[in-house]
Amino acid sequence: MARAPFITFEGVEGAGKTTLAERFADWLAVQGISVVCTREPGGSTLGKHLRPMILHQPLDAYAELFLLLADRRQHTLEVILPVLEQGIWVVCDRYADSTLVYQGYGRGLNLELLRQLNAIATNGLQPDLTVLIDLPIEVALARANDPNRFEAEAIEFHQRIRAGYLQEAAWATERYIILNGLEPSESLLAQLQTVVKERFSLR
Ligand code: TYD
């Protein structure tokens, strides 16, 4: 059986990606599609332990990176690939693009190095579709409600994240869909459904 589609959701904190990812997965299930919803950091057994450290422990940028990559490698090998190989779709709230954007554009680590390390952490797996929810930082931060080290960063950090996502999306237009996070969630879901029906030939 061909591997099932792998769909990731990306965006700044407060963009609404978690809600949209959940609603999207519910819709897939209603279409009769088997789907597993997961997230990073924290999708692997190891990651459940790492997540509170990544979010709350003061960390050097490389130490932060290595924890995220350790979670990604375990998550990919333990959860994502085996599920996809059974023909079950995977919807993932953040994946390798988060590292490029947060640790690269945000923390200033070398983008080429991050691409190489991500290639190892993902075992070469690339999302078939990445849903980027884009919106002004001021609006997003006013909505964010999960205080952590990233949310507490200066506005300039978040602006680099937003710009980084838009840059990455511009380099990989065939993989990304950009949704306007100022629109209501029902409208985002409807746009996503249209794209997914066409891209994956759903009836
Ligand atoms: P998440 O739980 O998705 O937070 P939110 O719902 O607030 O967007 O992710 C937690 C934080 O981890 C988020 O601020 C971004 C950060 N992060 C990275 O910096 N690099 C990564 O590779 C990943 C997966 C997350």
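What counts, and at which threshold
- Residues numbered from 1 in each chain as written.
- Predicted model: local features only at pLDDT ≥ 70, side-chain atom pairs only at ≥ 80, totals over all residues.
- Heavy atoms only, no water.
- Helix = DSSP H or I, 4+ residues; strand = E, 2+ residues; numbered from the N terminus.
- Buried < 20%, exposed > 50% of the residue type's maximum accessible area, 1.4 Å probe, protein only.
- Near = heavy atom within 4 Å.
- Polar contact = N/O pair within 3.5 Å; in protein donor to acceptor, adjacent residues only side chain to side chain.
- Areas by Shrake-Rupley, 256 points an atom, 1.4 Å probe, with all protein chains shown as cover.
- Pairing = 2+ DSSP bridges.
- Axes fitted to C-alpha atoms, helices over the stretch in contact; angles between N-to-C directions.
- Contact = heavy atoms within 4.5 Å.
- Parallel < 35°, antiparallel > 145°, perpendicular 65-115°, else oblique.
- Left-handed = near helix turned anticlockwise from the far one by under 90°.
- Nonpolar A, V, L, I, M, F, W, Y, C, P; charged D, E, K, R; others polar.

A. Quick peek at the environment of Gln 193. Within the fold, Gln 193 resides in helix α8 (residues 185–199). Residue Gln 193 is classed as buried on the basis of its relative accessible area of 17%. Residues Gln 193 and Phe 24 lie 169 residues apart in sequence; the distance between their C-alpha atoms is 7.8 Å.

B. Main features of the site of the ligand. Around the ligand, a shell composed of 14 residues is seen, among which Glu 13, Arg 51, Arg 94, Thr 99 and Gln 103 lie nearest. Within the contact set of the ligand, an oxygen atom lies 3.1 Å away from a side-chain nitrogen or oxygen of Lys 17. One of the side-chain nitrogen or oxygen atoms of Thr 99 is found 2.5 Å away from an oxygen atom of the ligand. Against a free-state accessible area of 540 Å², the protein chains account for coverage of 94% of the ligand.

C. How the structure looks around the sheet that holds strand β2 (residues 35–39). Pairing is parallel in the open sheet, where five strands are placed in the order β2-β3-β1-β4-β5. The strands lining the two open edges of the sheet, one partner per strand, are β2 and β5 (176–180). Going across the sheet, the axis of each strand differs from the next one's by a mean of 20 degrees, ignoring polarity. α8 contacts β1 (6–11), β3 (89–93), β4 (129–134) and β5 of the sheet and is inclined by roughly 160 degrees relative to β4.

D. How the structure looks around the packing of helix α1 (residues 17–30) against α8. Remark: α1 packs on α8, axes separated minimally by 10 Å, with the N-to-C direction vectors making an angle of 50 degrees. With respect to α8, the axis of α1 lies oblique. Crossing hand, α1 versus α8: right-handed. Residues Leu 20, Arg 23, Phe 24 and Trp 27 of α1 pack against Ser 185, Glu 186, Leu 188, Leu 189, Leu 192, Gln 193, Val 196 and Lys 197 of α8. Along the lines of polarity and charge, the residues of the contact of α1 with α8 split into seven nonpolar, two polar and three charged.

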